[in-house]
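Structural characterization, general
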Amino acid sequence: MNWHRLSIPEIFELLGSGQQGLSVQAAEEKLNTIGANELQEGQKKTITGILLSQFKDVMILILLAAAIISAVIGDLTDSIVILFIVVLNALVGFLQEYRAEKAMQALKQMAVTQTKVLRDGVINWLPATRLVPGDMIVLEAGDAVPADVRIVESFNLKIDEAALTGESVAIDKITDPIEIDKLAVGDRKNMAFKGTFVTYGRGNAVVVATGMQTELGHIAKMLQEGESLTPLQLRMASFAKKLSALVLFLCVLFFVAGWLRGEDLLKMLLTSISLAVAAIPEALPAVITISLALAAKRMIRFNSLIRKLPAVETLGSVTFICTDKTGTLTKNKMFVEEVFVNGQLYARSQLATIKQNEPFSLLMHAFALNNDAAEDAGNNITGDSTEIALLEMARELDIHRDEWPRLAEIAFEAERKLMTTFHQHDNKVISFTKGAPDILLQQCVDINMPHLQQQVDDMASKGHRVLGFAYRYWDARPDKPDQEIHEKELHFLGLTGIIDPPREEVFEAVAQCKTAGIVPVMITGDHPLTAKTIAQRIGILSSQNDLLVTGLQLAEMDNDHFSAKAERIKVYARVSPEQKLQIVKMLQRKGHYVAMTGDGVNDAPSLKRANIGIAMGITGTDVSKEAAHMILLDDNFSTIVKAVREGRRIYDNILKFIKYLMTTNSGELWTLLLGPIIGLPIALLPIHILWINLVSDGLPAISLSFEKAEADIMNRPPRPPGETVFANGRGLHMIWVGMLMAGITLALQGWAINHGLHWQTIVFNVLCLCQMGHVLAIRSEKRSFFSIGLFSNKPLIGSVLIVMILQIIITYTPFFQPVFHTEALSVKEFIIVGAASSLVFFAVEIEKIYSRRRRKTVEKPAARIVGWP
């Protein structure tokens, strides 16, 4: 319903109401029919449901199956260890998701409890939940608006709609109909909306929508949509399915082959289970969770608070950052940027040179005196953001109010768009009038109207909010100031252009985004001209192909048209909450990972739907914070770019420890599969496999998360959304290095058996030490271990030493030998184990040398094409 288009009598007729409000009986009947004025929740997740959902992951189900089979065949140690890992992982996931469920509760708390309602012509205080369409309510400064209402009377009524629209300036409310269809919420100036706040003046309004039919209710419905999976969750789900299929195939193949050869069935079943345990990286879920938690802790130093752990990694995969303008790209503080006086336009930096000029001095006094901003004892200024900017400008040039006392005023009205104040100075009375230039210039005498109108248009085209100033002298103080008398035949003083300027650090941050292959997009509730100016200044709009689209234009586009343009649109202005959600969904449909910033209630649905929702810590509402994955503690766009760098670093490191863990598992698998084929006994017991997979794997893998970022981390595009963990040669690496480990292990096993040595302990130790050589070699994808520096990742070196010490303890300590089925090795045996294990380290270093040379060969022709030396 376009309530803003209708006149007040038409609305009263439609709602069966009037200036005296509804009758008590009519209101009760409506309440019974429509229901209470409150937000309804969708199907609520129970604590049990959230906990059980943690066990749906394919990898977790495989581990549970392994634990059950181990318990059935009597191997309780393996079963208990696996169950401990599964429960730990589930608890961490449960706590994250439980906190996320608070978004709807925070939204409900925005509802006001009591409001002034006119029924049968009598004003009563009633609970806001009992309001119905047709109720007449009273709005006063400080009130929260209890429902969506149409303004009936406005006495300088101003409403802060920032939480709903993102507009940083309070809106002056009017009563006249607005004859335009499909207006954005911020442009419906004759309406007020549930969840917004009255900052100034008073008024009466008629309720037109309650509960879920309000704009806030529409947002609540959108909040009930599901969240999208993170890149890591998608990749790990794909990885787990492929791994489970491979494990099942190998186990069945091995069991059937043994059965056909006439092997003992129980022995083959146990060996098949050992194979399954060897193939599954039991430590992987816990290692990923712990690494993300460590990264989240580290990111607090960058003013980034992570609410949902997978968000850490998602940052590294982001291809589009959709950001709010006000307070994130800009300072969230209005600023006088230029002044037109004496027929000349001056930038702020030039004003100090002309402050002795009389017309300019008079204009600066108008800035300070025709101004309701208040100064406290500490010289802090409070009030309307535009008036604060004017007063700060005047104070900067040593203009003081004390010598020009205010005698009278004609208050600002939204319909008139002017404000006039009268002051005593040097035995004279002077009035200053400020307001919208198109209205003010009509009241001025002796001016070149076309020239001044062109100047106003030029300043407005830069995205400035333009204010005009005029003055007039009077013989005496007016007894009853009257706009028809005292705002006529004025003398023009000048114009000023005011804007919320960009943050200084944003310029570099936007440039860094583009270098890193990330597309920054501005989404704002502000005016298109203002949005365009800021976007051009900071580099978001930088080419002819870049588009700016308004909410009205977006509403007129069909899906195909929008899809064709979505990747070229860099600025959206005056968009609704539904459209923000539409933008996120369209970019995701086109295969992008989207980061969305926001601070208002209107941002919550898109924050929740985005691959990573980023709420503002300072200006953000509780609703936006609860819906987001991450909170910026300083509300600064450049902090997002720092967080992206950290996200890329942690994802690189996650890939390193997946490579590390899976290579080890590959080595175990080849050892167990090939040993019996070449006539060797089964090399490893289940307890050995679990020790390798959890302790020898786990500690160094977690320490890999401390590895520093690669030098080119922000000079490369984001990883393609469809890229798997096996891409870029990682899968091949897992296979050939695993085969090398198995080859070394089986060669030593055969040699030890032939020489009557402790072959099983040798096999166990050589696999563990091969891992240590491997983890040191894969610290960097490109650089040699020797160029990185031994101690550039001290936790990793420490974990390698701890694993080696633990390996010595379980090999040589009599207490542990029966548990791990180990025997003390001789010095000769241990030296042979160490020397053989080091082969893996040198083999991987040689692989990196080959890769570096191949990359240089590929890059040389490209360099010549673009004209590099």
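Source: prediction; values computed, not measured.

**Quick notes on the overall build of the protein chain**
What the protein chain contains, in helices and strands, is 32 helices and 25 strands. For the protein chain, the C-alpha atoms occupy an extent of roughly 120 × 75 × 55 Å along the three principal directions. For the protein chain, buried positions account for 55% of its 869 residues. Residue pairs at least 24 apart in sequence account for 72% of intrachain contacts in the protein chain once pairs closer than 6 positions are excluded. Across the protein chain, the mean location of the 86 positive side-chain charges is 9 Å away from that of the 91 negative side-chain charges.

**What to know about unusual backbone geometry**
Glycine aside, negative phi is the norm for most residues, and most peptide bonds take the trans geometry. Phi at Asp426 is positive, roughly 50 degrees, even though this residue is not glycine. Within the element layout of this structure, Asp426 appears in the loop between β15 (418-425) and β16 (428-435). Overall, Asp426 belongs to the exposed group, its relative accessible area being 57%. A positive phi angle is found at Asn728, which is not glycine, with a value near 55 degrees.

**Remarks on the side chain of Arg779**
Position of Arg779 among the secondary structure elements: in the loop between α28 (759-777) and α29 (785-788). Residue Arg779 is classed as buried on the basis of its relative accessible area, which comes to 1%. Reaching out from Arg779, the side chain makes a polar contact with the side chain of Glu707 at a distance of 3.0 Å.

**Quick word on helix α26 (residues 686-704)**
The end-to-end C-alpha distance of α26, which contains 19 residues, comes to 26 Å, matching closely the 27 Å that a straight helix rising 1.5 Å per residue would cover. Considering bend angle alone, the principal kink of α26 is centred on Gly698 and spans about 40 degrees; proline Pro700 follows within four residues of it. Among the 19 residues that make up α26, 15 are buried, leaving the element largely enclosed by the rest of the structure.

**Regarding the sheet that holds strand β9 (residues 320-323)**
As summarised here, the arrangement of the eight strands in space is β8-β25-β24-β23-β9-β20-β22-β21, forming an open sheet in which the pairing is mixed. In the strand order of this sheet, the two ends are held by β8 (304-306) and β21 (547-550), each with one partner. Neighbour-to-neighbour, the strand axes of this sheet turn through a mean angle of 20 degrees, independent of strand direction. Across four bridges, β21 lies against strand β22 (residues 569-573) in parallel orientation. The residue of β22 that forms the bridge with Leu548 is Val571.

**Some remarks on helix α1 (residues 8-15)**
Given 3.6 residues per helical turn, the α-helix brings residues three or four places apart onto the same face. Of the residues making up α1, those classed as buried are Ile8, Ile11, Phe12 and Leu15. In a view along the axis of α1, the buried residues occupy a sector of 100 degrees, so they form one face of it. Facing away from the buried side of α1, by more than 90 degrees, are the exposed residues Pro9, Glu13 and Leu14. Residues of α1 that are buried make contact with α2 (24-34), β3 (136-140), β4 (148-160) and β7 (197-209). Positive phi shows up at Gly16, right after α1, with a value of about 65 degrees.

**Some thoughts on a nonpolar patch on the surface**
A surface patch of nonpolar side chains, about 620 Å² in accessible area, is lined by Leu248, Val252, Val256, Trp259, Leu260 and Leu265. Tracing the backbone shows Leu248 in helix α9 (residues 231-260).

**With respect to the state of the cysteines**
Summed over all chains, the structure comprises zero disulfides. Looking at Cys322, it has no disulfide partner, and the nearest cysteine sulfur is the one in Cys513, 11 Å off. Overall, the relative accessible area of 0% leaves Cys322 in the buried class. Here Cys770 stays free of any disulfide, with the sulfur of Cys768 as its closest cysteine sulfur at 9.4 Å.

**Details of the packing of aromatic side chains**
On inspection of all chains with the given rule, the structure shows 12 aromatic pairs. Taking 5.0 Å as the distance between ring centres and 75 degrees as the angle between the ring planes, the aromatic pair formed by Trp691 and Phe820 counts as edge-to-face. Of this pair, Trp691 sits in helix α26 while Phe820 sits in helix α31 (residues 817-820), and the two are 129 residues apart along the sequence. Judged on exposure class, the residue Trp691 and its partner Phe820 are both buried. An angle of 85 degrees between the planes, with centres 5.9 Å apart, marks the rings of Phe786 and Phe841 as edge-to-face. On the criterion of sequence distance, the pair formed by Phe786 in helix α29 and Phe841 in helix α32 (residues 827-865) is long-range, its members being 55 residues apart. Taken together, the ring pairs in this structure connect Trp691, Phe815, Phe816 and Phe820 into an aromatic cluster.

**Thoughts on the pairing of β7**
Here β3 runs beside β7; their pairing, made up of five bridges, is antiparallel. Residue Met136 lies in a different strand from β7, and its bridge partner there is Val206. Note: β4 against β7, 10 bridges, orientation antiparallel. In the strand pairing of β7, Ile151 is matched with Ala205.

**Focus: the packing of helix α13 (residues 358-369) against helix α14 (residues 385-396)**
The interhelical angle for the contact between α13 and α14, taken along N-to-C directions, is 135 degrees, at an axis separation of 8 Å. By the criterion of interaxial angle, the relationship of α13 to α14 is oblique. The crossing of α13 and α14 is left-handed. Counting all contacts with α13, which are made through Met364, Phe367 and Ala368, the residues of α14 involved are Leu390, Leu391, Met393 and Ala394.

**Here we look at the packing of helix α25 (residues 637-677) against helix α27 (residues 730-754)**
Each pair of packed helices can be described by the angle between their axes along with the distance between the axes. Where α25 meets α27, the closest approach of the two axes is 7 Å, and the angle between their N-to-C directions is 45 degrees. Taken together, the axes of α25 and α27 lie oblique to each other. For the crossing formed where α25 meets α27, the hand is right-handed. Contacts from Leu655, Ile658, Lys659, Met662, Thr663, Thr664, Ser666, Gly667, Trp670, Thr671, Leu674 and Gly675 of α25 reach α27 at Arg730, His733, Met734, Ile735, Val737, Gly738, Met739, Met741, Ala742, Thr745 and Leu746. Here the contact of α25 with α27 is built from residues that sort into 12 nonpolar, nine polar and two charged.

**Overview of the nonpolar core**
Ile321 and Phe637 are the most contacted members of the largest nonpolar core, which has 110 residues in total. Counting residues per element, this core draws most heavily on α25, which supplies 17 residues. Ile11, Val575, Leu581 and Met596 belong to the second-largest nonpolar core, a separate cluster that totals 52 residues.

The rules behind each value
- Residues numbered from 1 in each chain as written.
- Predicted model: local features only at pLDDT ≥ 70, side-chain atom pairs only at ≥ 80, totals over all residues.
- Heavy atoms only, no water.
- Helix = DSSP H or I, 4+ residues; strand = E, 2+ residues; numbered from the N terminus.
- Buried < 20%, exposed > 50% of the residue type's maximum accessible area, 1.4 Å probe, protein only.
- Contact = heavy atoms within 4.5 Å.
- Lys, Arg positive; Asp, Glu negative; His and termini not counted.
- Charge placed at Lys NZ, Arg CZ, Asp CG, Glu CD.
- Polar contact = N/O pair within 3.5 Å; in protein donor to acceptor, adjacent residues only side chain to side chain.
- Expected span 1.5 Å × (residues − 1).
- Bend = angle between axes of the 7 residues up to and from the residue.
- Pairing = 2+ DSSP bridges.
- Axes fitted to C-alpha atoms, helices over the stretch in contact; angles between N-to-C directions.
- Arc of directions from axis to C-beta.
- Patch = residues over 30% accessible without salt bridge, like charges linked within 9 Å, V, L, I, M, F, W, Y side chains within 5 Å.
- Areas by Shrake-Rupley, 256 points an atom, 1.4 Å probe, with all protein chains shown as cover.
- Salt bridge = Lys/Arg side-chain N within 4 Å of Asp/Glu carboxyl O.
- Disulfide = S-S within 2.5 Å.
- Phe/Tyr/Trp six-rings, centres within 6.5 Å; stacked < 30°, edge-to-face > 60°.
- Parallel < 35°, antiparallel > 145°, perpendicular 65-115°, else oblique.
- Left-handed = near helix turned anticlockwise from the far one by under 90°.
- Nonpolar A, V, L, I, M, F, W, Y, C, P; charged D, E, K, R; others polar.
- Core = buried A, V, L, I, M, F, W, Y, C linked by side-chain atoms within 4.5 Å.

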